[in-house]
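Close look at the chain arrangement
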Amino acid sequence: MADLDAVQDTKEYYLDIPQKSEAFYLKGSNALGWGMQNRLARIFNPETGRTVMLAFDHGYFQGATTGLERIDVNIMPLAPFADTLMLTRGILRSVVPPSMTKAIVMRASGGTSMLKELSNEEIAVDIEDSIRMNVAAMAVQVFIGGEYEKQSIINMTKLVDQGTRYGIPTLAVTAVGKDMVRDARYFRLATRICAELGAHYVKTYYVEKDFETVTASCPVPIVIAGGKKLPELDALKMAYNAIQQGAAGVDMGRNIFQSEAPVSMIQAVRAVVHQNETPEKAYELYKTLKAEA
């Protein structure tokens, strides 16, 4: 308890300095609650408004895919260079040290394997477990145009409602079936539906033609998926073009952990996302770091 005898009568209230009320820096997020904004600020670097997410949740339907045979050996050395880790709760509990301070985006949907119809997912994680795991966001797959489109959309809206109750954002991940056309028109539709129904940010694919119309028409931040493994320079070009055309970050997996030099590659991606480095200069950085390793 404070010593009452030491209390001074003179106080400084700084009457000439109005209290600041700053707008939140992320697109479409200014009306969210403090907890929701704080978690988004863990994901998106407040200095750049962008994020480098490292995705290694593939095992929830693919099993031990190439590069993810041993998360502790192959992935954890990459974590210091990511802003955010995207993973399943099983890997989070069993492999990731609790001392890790990176933002966690936890996969919350599932239910089918690569052997079955992938769009037949449900919410697979209880909101209480997300709270226990102190996650920054929950990720749910949305299959616009898929066989189980409605079910996947309702999965997302339920997760949004649950997350909003406790201040946890929802990331909607737009899935593209093998029979669907990957063009800007489709991605404008998919990302807008997710945002309209409450997703706090959206993960989608980059397309070379008119991608800026996808980011412009989506009222919340978009991060791009890395997709299939590309040559390192091509992956850096994709990341650069997406950022320059309005994406707020990347969520890369195979283009990092399947690279010849994953630690070097994630640092090169980071230079593109946070420093606006050109793909060519980022590729030179990659080669330099690879040679020094």
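Provided above is the structure to which this section pertains.
Below you will find a few notes about this structure. Remember, predicted model here, so these are calculated numbers, not experimental data.

Cut-offs used in this document
- Residues numbered from 1 in each chain as written.
- Predicted model: local features only at pLDDT ≥ 70, side-chain atom pairs only at ≥ 80, totals over all residues.
- Heavy atoms only, no water.
- Helix = DSSP H or I, 4+ residues; strand = E, 2+ residues; numbered from the N terminus.
- Contact = heavy atoms within 4.5 Å.
- Buried < 20%, exposed > 50% of the residue type's maximum accessible area, 1.4 Å probe, protein only.
- Pairing = 2+ DSSP bridges.
- Core = buried A, V, L, I, M, F, W, Y, C linked by side-chain atoms within 4.5 Å.
- Right-handed = clockwise from strand over helix to strand, strands pointing away.
- Axes fitted to C-alpha atoms, helices over the stretch in contact; angles between N-to-C directions.
- 1 Å grid on protein atoms, 1.4 Å probe; cavity = no way out; pocket = protein on both sides within 12 Å on 5 of 7 lines; lining within 4 Å.
- Points joined across faces, edges and corners; volume = space filled by probe spheres on them.
- Nonpolar A, V, L, I, M, F, W, Y, C, P; charged D, E, K, R; others polar.

Locating E277 in the fold gives a position in the loop between α11 (262-275) and α12 (279-292). Remark: the alpha-carbon pair of E277 and T191, spanning 86 residues in sequence, is separated by 27 Å. The contact partners of E277, leaving out residues within four places of it in the chain, are Y240, A271, V272 and A282.

So, about the pairing of strand β1 (residues 51-55). Buried residues dominate β1, accounting for five of its five residues. Neither face of β1 is left uncovered, since the one carrying T51, M53 and A55 and the one carrying V52 and L54 both have all their residues buried. Of the strand pairs in this sheet, β1 and strand β10 (residues 249-252) are connected by four bridges, and their pairing is parallel. Bridge pairing in β10 links L54 to M252.

To continue, consider the nonpolar core. L54 and F211 are the most contacted members of the largest nonpolar core, which has 68 residues in total. With residues up to four places along the chain from it excluded, the contact list for L54 reads I75, L78, A82, T84, L85, M86, D251, M252, I256 and I266. If you look at the next biggest cluster of nonpolar residues, it comprises 18 residues, including F24, I43, V105 and L171.

Taking every second residue as pointing to the same face, both faces of β10 are buried, with G249 and D251 on one and V250 and M252 on the other. As paired strands, strand β9 (residues 222-225) and β10 are joined by two bridges and run parallel to one another. Its bridge partner lying in β10, A225 is registered against D251. What joins β9 to β10 is helix α9 (residues 232-244), and the crossover it makes is right-handed.

As a further point, take the sheet that holds strand β3 (residues 103-107). The eight strands are arranged β1-β2-β3-β6-β7-β8-β9-β10 in a closed barrel whose pairing can be described as parallel. On average, each strand axis in the sheet is tilted by 25° relative to the strand beside it, whichever way the strands run. Across the sheet, helix α6 (residues 149-166) touches β6 (137-142) and β7 (170-174), and the angle it forms with β6 is around 165°. The strands touched by helix α7 (residues 184-196) are β6, β7, β8 (201-204) and β9; relative to β7, the strand with the most contacts, the crossing angle is about 160°.

On to the layout of surface pockets, then. Of the volumes computed, that of the second largest pocket is approximately 270 Å³. Forming the walls of the second largest pocket are 13 residues, and the residues nearest its centre are P98, M100, I104, M133 and N134. Taken together, the residues of the lining of the second largest pocket sort by class into eight nonpolar, two polar and three charged.

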